Amino acid sequence: MIINFARRAHNHNWALDPITRSLLDTDFYKLLMLQFIWKCFPQTTASFSLSNRASELRLADLIDIGELREQLEQTRKLRFGKSELIWLAGNTFYGTNGIFEPAFLEWLEHAFRLSDYELTVQDGQFSLSFVGRWVETTLWEIYALSIISELRSRASLKRLSEFELDILYARAKTKLWEKLARLRAVPGLSVSDFGTRRRHSFLWQEYVVKAVRDVLGSAFKGTSNTYLAYKHDLEAIGTNAHELPMALAAMAKDDEELKTAQYRTLQLWQQTYHGELLILLPDTFGTTQFLHNAPDWVASWTGQRADSKDPYVAGDEYIRWLEQHGRDPRQKLFIASDSLDVDTILGLHSYFSGDLRNGASREEFSQASDFLDDRKWRFQPRIRFSAGWGTLLTNDFRNCDPRGDDRFDPVNLVCKLNDADGRPAVKLSDNFAKALGVPVDVDRYRRVFRLPRA
């Protein structure tokens, strides 16, 4: 069924159109991490808070706080459905049955509840936080981000006439088609949807995911959105996030325990999961120090996801590290996921998945025909490469507004862990501009992990 987005937006006169339709409407890694937290840290407390990195955009001036509160309340009342739990119990994820334990699913059905929240406005920005047991707060991250992102879209849609709305969505569909046409038939390509948290809307993400599946076929590996995977019989994609090592580091008793917390996280994770779910995310406190100090057994994990580091640099660094540890990089998986769009995806695929020939450069690969030119490129992977395509897949309305505004440009929102068991959490990353935490704690972490100051 093709949705008339313009008419739907123009005729939007019902009391509440829920943004979060199901508790499955979250990234798959959140459910994997929830089970991990439920098993290993069921009584640990944690708090999360929203941050708008584009501070010049006063979100509270655009979104009515009452509408935001209604959406948060509606989400908080949701419960996992019987058919959803049956799907989680019986479906095969990453080729493995029974990833979710019966006791965990029973807890989801009978005992799981989202925590309460605190919502105010400060200087044009929403102050939104979630405090409680870790198992009650962790899922709020994706719900909160997708709710605010869609409410911002809805506020911008209200300004436009039905004809203008039609133009807006026609331009966005054309842009999507042009992107997918460039990726179509690229040999060996692997792409997944990672765009839930900053999507234009739920319905647009659903439309995009179905379009990508139809156009890219087997090159489309699945979606991080668990509800869309459930609804459309797709592979649910995702493993873990920075939240876990951040929390274990926060709970460390001293500097030595702090330094090894990133590896203790992996030890605990591999007691729960195996195979394709053993994907490293090494940049929480800096990728280079992580790899330099990692025990040899870490090299046996299936792959690595790069986030805050230049993916070309991160991939080469990972390949060298694997070779130094006697592992064959061609048997490993490298996932890039930060701010990807078509040019970057094609460049990374040309670089990691093939042999650049006769002086060809990665910048030359802009469509399938470039990869099919045997004089320029041959499929010969140095490592298994996959692209996690996020915001610029599910929310690229840049230059689509018929009024020429930037009101539909995606907003760089994050919702991050503040503390665990009352102890402040820190994220350093490979990009100093993304460091999170109280300055004195950030300085301590940089000293412990021997990283330079910003």
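Residues numbered from 1 in each chain as written. Predicted model: local features only at pLDDT ≥ 70, side-chain atom pairs only at ≥ 80, totals over all residues. Heavy atoms only, no water.

(A) Focus on the sheet that holds strand S2 (residues 117-122). Taken together, the five strands give an open sheet; going across it, the order is S2-S3-S1-S12-S13, and neighbouring strands pair in antiparallel fashion. In this open sheet, the two edge strands, each paired with only one partner strand, are S2 and strand S13 (423-424). Bridge count between strand S1 (residues 45-52) and strand S3 (residues 125-133): five bridges; the pairing is antiparallel. Bridging across to S3, Ser47 finds its partner in Val131. Running at roughly 165 degrees to S2, helix H4 (residues 65-76) makes contact with S2 and S3 of the sheet. Helix H8 (residues 140-157) contacts S1, S2, S3 and strand S12 (413-420) of the sheet and is inclined by roughly 150 degrees relative to S12. (Pairing = 2+ DSSP bridges. Helix = DSSP H or I, 4+ residues; strand = E, 2+ residues; numbered from the N terminus. Contact = heavy atoms within 4.5 Å. Axes fitted to C-alpha atoms, helices over the stretch in contact; angles between N-to-C directions.)

(B) Layout of helix H2 (residues 28-40). With 13 residues, H2 should reach 18 Å at 1.5 Å per residue; the first-to-last C-alpha distance of 19 Å fits that figure. The element H2 is extensively covered by neighbouring structure, given that eleven of its 13 residues are classed as buried. When H2 is considered as a whole, its buried residues turn out to be Phe28, Tyr29, Lys30, Leu31, Leu32, Met33, Leu34, Gln35, Phe36, Ile37 and Trp38. (Expected span 1.5 Å × (residues − 1). Buried < 20%, exposed > 50% of the residue type's maximum accessible area, 1.4 Å probe, protein only.)

(C) Just the nonpolar core, in detail. Counting residues in hydrophobic clusters, the biggest one holds 149 residues, and the most contacted among them are Leu88, Phe100, Leu108 and Trp389. Among all residues touching Leu88, those that are not within four sequence positions of it are Leu24, Leu31, Phe93, Phe100, Leu105 and Leu108. (Core = buried A, V, L, I, M, F, W, Y, C linked by side-chain atoms within 4.5 Å.)

(D) Inspection of the pattern of salt bridges at higher detail. Tallied over the full model, the rule gives 42 salt bridges. Salt-bridge contacts for Asp123 lead to Arg58; the nearest nitrogen and oxygen are separated by 3.2 Å. Of this pair, Asp123 sits in the loop between S2 and S3 while Arg58 sits in the loop between S1 and helix H3 (59-62); the two residues are 65 residues apart in sequence, bridging distant segments of the chain. Since its relative accessible area comes to 67%, Asp123 is described here as exposed. Under the relative-accessibility criterion, Arg58 is labelled partly exposed at 36%. Between Arg182 and Asp343 there is a salt bridge, with the nearest N and O atoms lying 2.5 Å from each other. With Arg182 in helix H9 (residues 162-183) and Asp343 in helix H16 (residues 342-352), this pair connects stretches of sequence that are 161 residues apart. Looking at Asp343, the relative accessible area reads 53%, which means it is exposed. (Salt bridge = Lys/Arg side-chain N within 4 Å of Asp/Glu carboxyl O.)

(E) A look at the sheet that holds strand S4 (residues 191-193). A sheet is described by the order of its strands in space; here six strands give the open sequence S5-S4-S11-S8-S7-S6, paired in parallel fashion. At either end of the open sheet lies a strand with only one pairing partner, and these are strand S5 (220-223) and strand S6 (279-280). The pairing of S4 with strand S11 (residues 384-389) spans three bridges and is parallel. Bridging from a neighbouring strand, Asp193 pairs with Trp389 of S11.

(F) Seen up close, the packing of aromatic side chains. For the structure on display, the rule yields 42 aromatic pairs. On the numbers, 6.2 Å between centres and 55 degrees between planes, the contact of Phe36 with Phe41 is tilted. Aromatic rings pair up to connect Phe28, Trp38, Phe80, Trp87, Phe93, Phe100, Phe104, Trp107, Phe112, Phe202, Tyr227 and Tyr230 into one cluster. The lysine or arginine in question, Arg362, covers the ring of Tyr312, its NZ or CZ lying 3.6 Å from the ring centre. One cation-aromatic arrangement involves Lys376 over Phe365; the distance from NZ or CZ to the ring centre is 5.1 Å. (Phe/Tyr/Trp six-rings, centres within 6.5 Å; stacked < 30°, edge-to-face > 60°. Lys NZ or Arg CZ within 6 Å of the ring centre and 35° of its normal.)

(G) Broad picture of the packing of H9 against H16. It is the contact of H9 with H16, at a shortest axis distance of 10 Å, that shows an interaxial angle of 10 degrees. Between H9 and H16, the angle falls in the class roughly parallel. Contacts from Lys179, Arg182 and Leu183 in H9 reach Val342, Asp343, Ile345 and Leu346 in H16. Classifying every residue of the contact of H9 with H16 gives four nonpolar, no polar and three charged. (Parallel < 35°, antiparallel > 145°, perpendicular 65-115°, else oblique. Nonpolar A, V, L, I, M, F, W, Y, C, P; charged D, E, K, R; others polar.)

(H) Representation of the environment of Asn225 within the structure. Topologically, Asn225 is positioned in the loop between S5 and helix H11 (226-232). The exposure class of Asn225 is buried, given its relative accessible area of 0%. In the structure, Asn225 is positioned 32 residues away from Asp193 in sequence and 7.8 Å away in space, judged by C-alpha atoms. Those residues within four positions of Asn225 in sequence are excluded, and the remaining contacts are Leu24, Asp25, Thr26, Asp27, Thr196, Arg199 and Gln205. A polar side-chain atom of Asn225 sits 3.2 Å from a polar atom in the side chain of Thr196. (Polar contact = N/O pair within 3.5 Å; in protein donor to acceptor, adjacent residues only side chain to side chain.)

(I) Molecular detail of the pairing of S1. Sheet analysis places S1 next to S12, joined by seven bridges and oriented antiparallel. Across the sheet, the residue bridging to Ser49 is Lys416, located in S12.

These values are about where atoms sit, not about what they do.
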